[in-house]
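What follows is each chain in one-letter form.
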Amino acid sequence: MLRRVRTSAGRELSVLGWRCPRGLRAAVLWGVGGYGVYLVSIVGVTQLPQALQGFALTPAQVGIHLLGDTTTLSTVIYLVLLGLIAPIAEELLFRGFVYAALRNHLSALPAILLSSVAFALMHVNTPGNWQILVFGVVLAVLYERTRSVIPCVICHALNNLLVFAAVLLIHY
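Note that this is a predicted model, so its numbers are computed, not measured.

How each quantity is defined
Residues numbered from 1 in each chain as written. Predicted model: local features only at pLDDT ≥ 70, side-chain atom pairs only at ≥ 80, totals over all residues. Heavy atoms only, no water. Helix = DSSP H or I, 4+ residues; strand = E, 2+ residues; numbered from the N terminus. Expected span 1.5 Å × (residues − 1). Buried < 20%, exposed > 50% of the residue type's maximum accessible area, 1.4 Å probe, protein only. Arc of directions from axis to C-beta. Salt bridge = Lys/Arg side-chain N within 4 Å of Asp/Glu carboxyl O. Contact = heavy atoms within 4.5 Å. Polar contact = N/O pair within 3.5 Å; in protein donor to acceptor, adjacent residues only side chain to side chain. Core = buried A, V, L, I, M, F, W, Y, C linked by side-chain atoms within 4.5 Å.

Participant: Can you explain helix α5 (residues 108-122)? Please cite residues and give values.
Facilitator: Between the first and last C-alpha of α5 there are 21 Å, a value that for 15 residues agrees with the 21 Å anticipated at 1.5 Å per step. All of the buried residues along α5 are Ala111, Ile112, Ser115, Ser116, Phe119 and Ala120. The buried residues of α5 occupy an angular sector of 160 degrees when the element is viewed end-on, so they sit on one face.

Participant: Any details on the pattern of salt bridges? Residues and values, ideally.
Facilitator: This structure, assessed with the given rule, holds 3 salt bridges. Across the pair Glu91 and Arg95 runs a salt bridge whose closest N-O atoms are separated by 2.7 Å. One end of the pair is Glu91 and the other is Arg95, both in helix α4 (residues 72-105) and 4 residues apart, which spans about a single turn. Arg147 is the partner of Glu144 in a salt bridge, and the nearest nitrogen-oxygen pair spans 3.4 Å. Residue class for Arg147 comes out partly exposed when judged on its relative accessible area of 34%.

Participant: Which residues make up the environment of His156, and what values go with them?
Facilitator: Among the secondary structure elements, His156 is positioned in helix α7 (residues 150-171). Under the relative-accessibility criterion, His156 is labelled buried at 3%. Sequence separation of His156 and Tyr35 is 121 residues, and the distance between their C-alpha atoms is 7.8 Å. His156 has contacts with Pro87, Glu90, Glu91, Phe119, Phe135 and Leu139, leaving out every residue within four places of it along the chain. A distance of 3.2 Å separates polar atoms of two side chains, one belonging to His156 and the other to Glu90.

Participant: I'd love a proper account of the nonpolar core, names of residues and values included.
Facilitator: One finds Tyr99, Phe119, Phe135, Leu139, Tyr143 and Cys155 to be the most contacted residues of the largest nonpolar core, which totals 20 residues. For this core, the elements supplying multiple residues, two or more each, are α2 (24-46), α4, α5, α6 (129-146) and α7. Per element, the largest residue contribution to this core is 7 residues, and it comes from α6. Not counting residues up to four positions away in its chain, the partners in contact with Cys155 are Gly31, Gly34, Tyr35, Phe135, Leu139 and Leu142.

All we've got here are geometric facts, nothing functional implied.
Structural data, given as structure tokens:
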């Protein structure tokens, strides 16, 4: 990935999809819309038979376990990590690099599925991997439609911040 960025001749982050060809407003709308699609798909998936219910903990249960006893400083640190740094880093890696590289050699569907599986496997210790797999598919489709990681970062950050807010509300 670093080699690809270094050889980009002054277009460092745009090589990884960090561009906004349709404007920031369109990027925000795509990101929020993508998150809406993810929520609808998760609601549909959670209506599956009882066999899947015990398959994984919810992200909120994981978050409560991770939070333990929190201080204001640790809450702010989690907020910055989950709401800003993780979405930017993961989207540059999985959509801007992995998906884009796969898409250079494969059609959209296999590239979407393979990059989404890689995204879910990166979260292997997180219960609820099927939800992460679905989220990876939504993010890859969002990237395919916009050719920009910015809507993906917005969608990813929105997800992380809403889950974190829910965890805080449940925890306190």
